[in-house]
Amino acid sequence: MKGFGFASIAAAALSGALFATSVSAADLPPIVIKVQPLIFILGSVVQSIVREEEDLVRHGSHFFYENGTEFFIRGVAYQQDVSSNGTTSTDGSFTDPLADAAGCRRDVPLLKELGTNVIRVYAINASLDHSVCMGLLQDAGIYLIQDLSNPSSSINRNSPAWNTELFASYAGVVDALANYTNVLGFFAGNEVSNEVNNTNASAFVKAAVRDMKAYIKTKNYRTIGVGYATNDDAAIRINLAHYFNCGNASEAIDFWGYNIYSWCGDSSYTLSGYDQRTLEFANYSVPAFFAEYGCNTVQPRKFTEVQAIYGKNMTEVWSGGIVYMYFQEANDYGLVSLSGSTASKLPDFTALKSQLALATPSSTASSAYAVTNTVAQACPATGTAWAAASALPPIANSDVCTCMVSSLSCVANSGLTGNQTATLFSTVCGLDTKACAGINANGTSGVYGAYSMCSASQQLSFAFDQYYKNQNKASTACAFGGNAKIQSGSTSSSCSGLIAQAGTAGTGTVTSVPTGAAASGSSSSSTSTKKSAAGAVTVPRFNSGLLQLGAYVLVAGMAGAGMILL
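Quick notes on the rules
Numbers given for residues are sequential positions, taken from 1 along each chain in its written order. In keeping with the predicted nature of the model, local features appear solely for residues at pLDDT of at least 70, side-chain atom pairs appear and are counted solely at 80 or more, and the whole-chain, interface and lining totals rest on all residues. Think of the side-chain values as coming from all heavy atoms in the structure, minus any hydrogens and water. Nine residue types can take part in a nonpolar core, namely buried Ala, Val, Leu, Ile, Met, Phe, Trp, Tyr and Cys, and a core is a set of them joined through side-chain atoms within 4.5 Å. Between buried and exposed lies partly exposed: a residue is buried under 20% and exposed over 50% of the maximum accessible area for its type, with that area taken using a 1.4 Å probe on protein chains only. Helical segments are the DSSP runs of H or I of at least four residues, strand segments are the runs of E of at least two, and each set is numbered from the N terminus. Defined by distance alone, a disulfide is two cysteine sulfur atoms within 2.5 Å. Regarding the arc, it is the one traced by the directions from the helix axis to the C-beta atoms. Note on contacts: a residue pair is in contact if any heavy atoms of the two residues lie within 4.5 Å. Two strands make a pair as long as DSSP finds a minimum of two bridges between them. All axes here are fitted lines through C-alpha atoms, helices being fitted over the stretch that makes contact, and every angle between N-to-C directions spans 0 to 180 degrees.

### With respect to the nonpolar core
Core analysis: the biggest nonpolar cluster contains 150 residues, and Trp 162, Met 212 and Trp 256 have the highest contact counts within it. The element contributing the most residues to this core is helix H4 (residues 201–218), with 10 residues.

### Topic: the state of the cysteines
Within this structure, the stated rule accounts for 7 disulfides. Paired through a disulfide, Cys 401 and Cys 454 show a sulfur-sulfur distance of 2.0 Å. Taking the sign of the torsion about the S-S bond as the criterion, the disulfide between Cys 401 and Cys 454, at about -90 degrees, is left-handed. With a gap of 53 residues between them, Cys 401 in helix H9 (residues 398–407) and Cys 454 in the loop between strand S20 (447–448) and helix H11 (456–470) connect regions that are remote in the sequence. Side by side, Cys 401 and Cys 454 carry an identical accessibility label, which is buried. In this model, Cys 410 is linked to Cys 478 through a disulfide, with the two sulfur atoms separated by 2.0 Å. Between Cys 410 and Cys 478, the S-S dihedral sits near 95 degrees, and the bridge is therefore right-handed. Taken together, the positions of Cys 410 in strand S18 (residues 410–412) and Cys 478 in the loop between H11 and strand S21 (484–486) put the pair 68 residues apart, joining distant regions of the chain. In terms of burial, Cys 410 and Cys 478 fall into one category: buried.

### Description of helix H2 (residues 131–139)
Considered for burial, the residues of H2 that qualify are Cys 133, Met 134 and Leu 137. End-on, the buried residues of H2 take up no more than an arc of 95 degrees, which puts them together on one face. Tucked into the core, H2 has its buried residues touching helix H1 (101–114), strand S9 (118–121), strand S10 (143–147) and strand S11 (183–190). Downstream of H2 by a residue or two, Gly 141 has a phi angle that is positive, lying close to 75 degrees.

### Side note on the sheet that holds strand S7 (residues 73–77)
What the 8 strands build is a closed barrel, ordered S7-S9-S10-S11-S12-S13-S14-S15; its pairing is parallel. In this sheet, adjacent strand axes meet at a mean angle of 25 degrees when their direction is disregarded. Both S7 and S9 contribute to a ladder of 3 bridges, which runs parallel. Residue Val 76 lies in a different strand from S9, and its bridge partner there is Ile 119. In the packing of H4 onto the sheet, contacts are made with S11 and strand S12 (225–230), and the angle to S12 comes to roughly 160 degrees.

### What to know about the pairing of strand S16 (residues 336–339)
Pairing of S16 with strand S17 (residues 342–345), which is carried by 4 bridges, proceeds in the antiparallel orientation. Of the residues in S17, the one forming a bridge with Ser 337 is Ser 344. Counting the residues between successive antiparallel strands, the hairpin from S16 to S17 contains 2 residues, one of them, Gly 340, with a positive phi of roughly 65 degrees.

This is the structure in structure tokens:
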């Protein structure tokens, strides 16, 4: 993405269904999403807006309407000044475009004029009302692919984690949008791993995919796909695509988004590398499409790649694409410019409109489509070219964390600052490496403590308690400069199974269904701001008994500090 914001943490502490047995794509039923039909007629795009929605079926590596007509995404990225590409912002202010009713009334007719049937939005405030914009989009036959992350609540490529705070934030976005039938799907990450040396972060993103898919199912929402959007990095693009597609279907992406800017000006199918990318995805088992495209090194943009994307060489493999981007900003990718409340068409708008009108996709009726690419890709091996293990971080189940803290005898005081917490982690883990085994998370080795997805304060309490018990509960072993205290730990009947699965050292695997209920947060305007409690702080991390230095990035949530563990 070329140029990200904060969705409020509308908390959902329920993590959803658990690990499933291995199944292949061939074993899965067609997946249905509610959309309205779009019909290509005589070389021009005609929006067919109907009263009754027709189901869209995700079958094999293609999308189809229920009537058997193939569906192609003709999308536009729609959000101002937002970046969601694997970094964590300390100032996550942004405007939620789907809560801006006036903006949607201005822009939806222009999006419809373009021939758009999908928009991609990078961040929303889950506590706000999106009904006006979603209704306008639906009336125009336009559907939504929504990113779940935001700049201050996302998986950071430099210090990756998947934890209960992030789960709550992502689940809040799902809750806010799942009942709108023109939601096509969600992205669990955007360009998080962008170099070989940070591919370990992909393990945490894939855990987010797994948990969000399970959450949607557990909440009994209609079937909505969860995917990932990647950048076009030659060193890792194939491994990335294979990694997110491999393994159990319950953990794998439902669709793949590719951010690609290799076609510039009057390029060609071969010069742009589109031919090679198409070959690479020829046997991919889920739908793939361009999640961003539209190189701007030659201006005004001609969008001649549109004819290739919807042409006979690509439509057997790709399901269309999303142009970056609607709003003109400093990066100069806009289709329209804003002056006050007025949107003015730029030359790129006219060029894209013309190219989309000429696009006549070479489609296959579902009745004639034989699914041959039923086998998922093999997971890449870890080594010099890839650093993410097939084993994923634990399910982000807040029930596990709550039960764990209740069972402890020695816990951290409440109200500790980020810097205090980091210093105390350094102290306790330095004194006893075994005390921190249950909170360790290593995306490369695939070794994760059962409590590595808990909050910073919960993890610190676990480490304190482990040290205290390893010291035979000596009176001085639960002091830590007055930052710890003794409590009467107890384990309820509903918690006993979770604690037993985690194990006394916290190194087990919890597979039980969580029982926690959802909570919610709020924000008063469409512009949300969230700042970290403290900057990045260095604390010890332990792996295979060796002391290593890592980083906890402590982020303030709506009701306490969250932690991102390297």
